[in-house]
Amino acid sequence: RVEAEFQVETLKLQPRRRRTTGDEASSFVGSLPSTSASVNFFGGKGSLTKDTAEGYLREVEAFARKEHYLIAQDELQFDQLQVLGAGAFGVVLEAQFQGSKVTLKTGRESALAGLYNFDHIMTELSTFRRLHHPNIVCCFGAYIVPSLCEFGLVLEYLEGERLDRFAQAPPHGPTSE
């Protein structure tokens, strides 16, 4: 099944020839990844100042609205600011979205000179937009507030042990002695 899905996706990325006559025989119909509108938003932008970050996020916000994955600021509720985790690239918070508990994964502003880098979280958004699998966390959409240079992914909340703690735990089951 996985191999069949891969082949279908590969075929979707290949441009198709349309029936033409004469010199038009080399014309293509379809969209190449390099000409897709999303390349402008999900390509590496590097570090941005507050002004350039705000402009960039306004463009991303308009694109997300058009693609129907923009989640408005008033659709998220924070009963109390609970940090679920933090890393080099961002912070994960607990929130409520449409009555359900969700996680909000946000980018982190650089402490040096107020520079913003959205490359890692944009790569995640680009991946999540096309990824749907029962064993992978669901992405409900993106939360974007350009005026505050805030950007985040609204993800499914999973109950249970944190992955970092699970990975550090001793193996369960019989030991070989």
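Before reading on, note that the structure itself is shown above.
Keep in mind that this is a model prediction, so the values were computed, not measured.

Undergrad: For this particular structure, what's the right way to read the overall build of the protein?
TA: Summing up its helical and strand segments, the protein has five helices and nine strands in all. In the protein, the succession of α and β elements from N to C terminus is α-β-β-α-α-β-β-β-β-β-α-β-β-α. Looking at the protein residue by residue over its 177 residues, the buried ones come to 25%. As displayed, the protein has an accessible area near 12,600 Å², and 54% of this comes from carbon and sulfur atoms.

Undergrad: Please explain the pairing of strand 7 (residues 100–107) as it appears in this structure.
TA: Successive residues of a regular strand alternate their side chains across the two faces of the sheet. Bridge analysis of strand 6 (residues 90–97) against strand 7 gives eight bridges, and the strand direction is antiparallel. The residue bridging F97 from the neighbouring strand is S100, located in strand 7. As consecutive antiparallel partners, strand 6 and strand 7 are separated by two residues, and within that stretch Q98 has a phi angle of approximately 50 degrees, a positive value.

Undergrad: I keep staring at the state of the cysteines and nothing clicks. Help me out?
TA: What makes a disulfide is a covalent bond joining the sulfur atoms belonging to two cysteines. This structure, assessed with the given rule, holds zero disulfides. Summary of cysteine pairing: C138 is not part of a disulfide, and the nearest cysteine sulfur, belonging to C139, is at 7.0 Å. By relative accessible area, C138 is classed as partly exposed at 32%.

Undergrad: Sorry, what's going on with the pattern of salt bridges here?
TA: Where charged atoms of side chains with opposite charge meet at close range, the side chains can pair. Evaluation of the coordinates by the stated rule reveals five salt bridges. For R58, the salt bridge identified is with E54, shortest N-O distance 2.9 Å. Taken together, the residues R58 and E54, both in helix 3 (residues 50–66) and four residues apart, mark about one turn of the helix. Residues E67 and R129 are paired through a salt bridge, measuring 3.6 Å at the closest nitrogen-oxygen approach. With E67 in the loop between helix 3 and strand 3 (70–71) and R129 in helix 4 (residues 119–130), the pair connects residues that are 62 residues apart, well separated along the chain. The exposure class of E67 is partly exposed, given its relative accessible area of 33%.

Undergrad: In this structure, what is going on with the packing of aromatic side chains? I would like to understand it.
TA: The description of an aromatic ring pair rests on the distance of the ring centres and on the angle between the ring planes. Applying the stated criterion across every chain yields a total of one aromatic pair. Note on F97 and F140: the rings are 6.0 Å apart at their centroids and 40 degrees apart in plane angle, and the pair reads as tilted. Taken as a pair, F97 in strand 6 and F140 in strand 8 (residues 139–145) lie far apart in primary sequence, 43 residues in all. The exposure class of F140 is partly exposed, given its relative accessible area of 39%.

Undergrad: I tried to follow the side chain of E61 on my own but got confused; where do I start?
TA: Relative to the helices and strands, E61 resides in helix 3. When sequence neighbours within four positions are dropped, the list of residues in contact with E61 reads L70, I144 and P146.

Rules and cut-offs
Residues numbered from 1 in each chain as written. Predicted model: local features only at pLDDT ≥ 70, side-chain atom pairs only at ≥ 80, totals over all residues. Heavy atoms only, no water. Helix = DSSP H or I, 4+ residues; strand = E, 2+ residues; numbered from the N terminus. Buried < 20%, exposed > 50% of the residue type's maximum accessible area, 1.4 Å probe, protein only. Areas by Shrake-Rupley, 256 points an atom, 1.4 Å probe, with all protein chains shown as cover. Pairing = 2+ DSSP bridges. Disulfide = S-S within 2.5 Å. Salt bridge = Lys/Arg side-chain N within 4 Å of Asp/Glu carboxyl O. Phe/Tyr/Trp six-rings, centres within 6.5 Å; stacked < 30°, edge-to-face > 60°. Contact = heavy atoms within 4.5 Å.

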